Amino acid sequence: MARGALGPPLRETLSRWEREQAQLKTSVIDWDTEAWQRDSDFAGLHRVGGVDMSFIKADDVRACASLVVLSYPKLEVLYEECRMVNLTAPYVSGFLAFREVPFLVDAIQRLQKKDPNLMPQVLLVDGNGVLHHRGFGVACHIGVLTDLPCIGVAKKLLQVDGLKNNDLHKEKIQHLKMGGDTFPLMANSGTILGMALKSHSKSSKPLYVSVGHKVSLGAAVRLIQACCRYRIPEPIRQADIRSREYIRRTTELANSQEAGQERGPEGLREKQSPTLSPTRGLEESAGEEEPPENPSPGHHS
DNA sequence: GCGACAG
DNA sequence: ATCTTGTCGC
């Protein structure tokens, strides 16, 4: 029941989500709003945030949401939070935000309350900004809800508005020579939706950078490049690493308790936040299991 | 029927 | 997103 069995209730949810995106979209600001964005060395920029979520295979409900804040330009971790959450929405391409954003915004707001001095001045988001079916990807969504400058960083091209991952596109990628090289991603309308960026000399795959909120595309690309020690910009990479590790330790703990203890449902459950107010979404998303998919065995050189 | 499908 | 080891190269 991956995509075929999604019934009428989901269809209604999707149109509700579309309306919500359209409404929030009117607040997106796609130009520089901070002085540091206009400075070639980002003078005045000291804290860059990154958010990401990791999931458990064979568990449709529990996931780990992670927020990190790194210093700039040294890219050292100043703040880190990982938290287990209960998902309320499935993943649907074009609606990623409704699956992940509530927990990430929560994390931002907790930081704001707990340690305002560590609030990031810009947030890097795993996914797209305006490079999106309706021009309102997850990076825009978080930006509007938090009022933070946000940048969308996707690892794969979302083929929308005439953008195609075809031979021409792959050829352009081949032509990217050194780290920092880019080419524009132009929609049918002539609008530049984002930039393909070779973020690291040794990576053949580019990043797809797009405006989320309160940044220009030029500043976004420059900052992403400045944050890349490896292919993935360090704030997102650290959030990813830490959330995966958190999941790994959590499932390990669960397994050891199930094996060692006869039955101890109390010890582990305490780690979850008791005060989650799930946004009204799909009630049935926590229902069934899915048989694992068998990917065809890839064989390259 | 075929292809696409951010995470 | 997740399932997964070693391997080739600097």
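Here's a quick rundown of the structure. Computed from a predicted model, the values in this text were never measured in an experiment. (Residues numbered from 1 in each chain as written. Chains lettered and ligands numbered in written order. Predicted model: local features only at pLDDT ≥ 70, side-chain atom pairs only at ≥ 80, totals over all residues. Heavy atoms only, no water.)

A look at the protein's contact with DNA strand C
Taken together, the neighbourhood of DNA strand C is formed by S54, F55, K57, K155 and R244. Within the contact set of DNA strand C, a phosphate oxygen lies 3.1 Å away from a side-chain nitrogen or oxygen of K155. Looking at the surface near DNA strand C, its residues break down into one nonpolar, one polar and three charged. (Near = heavy atom within 4 Å. Polar contact = N/O pair within 3.5 Å; in protein donor to acceptor, adjacent residues only side chain to side chain. Nonpolar A, V, L, I, M, F, W, Y, C, P; charged D, E, K, R; others polar.)

Regarding the protein's contact with DNA strand B
In the vicinity of DNA strand B lie 18 residues, with Y91, G94, N128, K155 and Q159 positioned nearest. Counting only atoms of DNA strand B within 4 Å of the protein, the sugar-phosphate share comes to 56%. At 3.3 Å, a backbone N or O of F95 approaches a base nitrogen of DNA strand B. Interatomic distance of 2.8 Å between a backbone N/O atom of K155 and a phosphate oxygen of DNA strand B. Here the surface near DNA strand B is composed, by residue class, of six nonpolar, seven polar and five charged.

Things to note about the pattern of salt bridges
Following the criterion strictly, the structure yields 10 salt bridges and no others. With a closest N to O distance of 2.8 Å, R110 and E81 form a salt bridge. In this pair, R110 is assigned in helix α3 (residues 96-114) and E81 in strand β3 (residues 77-86), connecting sequence segments 29 residues apart. By relative accessible area, which is 24% here, R110 ends up partly exposed. Here E245 makes a salt bridge to R248, at a shortest N to O gap of 2.8 Å. Of the two residues, E245 and R248 are both situated in helix α7 (residues 234-260); the distance of three residues between them amounts to about one turn of the helix. Salt bridges linked by common partners bring R229, E234 and R237 together as one network. (Salt bridge = Lys/Arg side-chain N within 4 Å of Asp/Glu carboxyl O. Helix = DSSP H or I, 4+ residues; strand = E, 2+ residues; numbered from the N terminus. Buried < 20%, exposed > 50% of the residue type's maximum accessible area, 1.4 Å probe, protein only.)

A few points about the nonpolar core
L45, Y72, L124, I151, V209, L223 and I224 are the most contacted members of the largest nonpolar core, which has 34 residues in total. For this core, the secondary structure elements donating two or more residues are β2 (62-71), β4 (122-126), α4 (138-146), β5 (150-154), β7 (192-197), β8 (207-213), α6 (217-226) and α7. Considering every element that reaches this core, the biggest residue donor is α6, with five residues. Leave out the neighbours within four places in its chain, and Y72 touches D41, F42, L45, H46, R47, V48, L223, A226 and C227. With 26 residues, the next largest nonpolar core counts I108, M119, V125 and V138 among its residues. (Core = buried A, V, L, I, M, F, W, Y, C linked by side-chain atoms within 4.5 Å. Contact = heavy atoms within 4.5 Å.)

Observations regarding the sheet that holds β5
Strand pairing in a sheet relies on backbone hydrogen bonds. The paired strands run either parallel or antiparallel. Judged by pairing direction, the sheet is mixed, and its eight strands sit side by side in the order β3-β2-β1-β4-β5-β8-β7-β6 without closing on themselves. Two strands bound the open sheet, and with one partner strand each, they are β3 and β6 (182-186). Here the strands of the sheet are splayed against their neighbours by 25° on average, with no regard to which way each runs. Direction of pairing for β5 relative to β8: antiparallel, over a ladder of five bridges. The residue of β8 that forms the bridge with V153 is V209. (Pairing = 2+ DSSP bridges. Axes fitted to C-alpha atoms, helices over the stretch in contact; angles between N-to-C directions.)

Remarks on unusual backbone geometry
In this structure, P73 follows Y72 across a cis peptide bond, with omega equal to 10°. Checked against the element boundaries, P73 lands in the loop between β2 and β3. A positive phi angle, near 60°, is found at K214, a position not held by glycine. The class of K214 is buried, set by a relative accessible area of 14%.

Thoughts on the pairing of β6
As paired elements, β6 and β7 share five bridges and run antiparallel to each other. From the neighbouring strand, L185 faces β7, where its bridge partner is G194. Where β6 folds back on β7, the antiparallel hairpin that results is connected by five residues, among which G190 adopts a positive phi of roughly 100°.

Function cannot be read off these values alone, since they describe shape.
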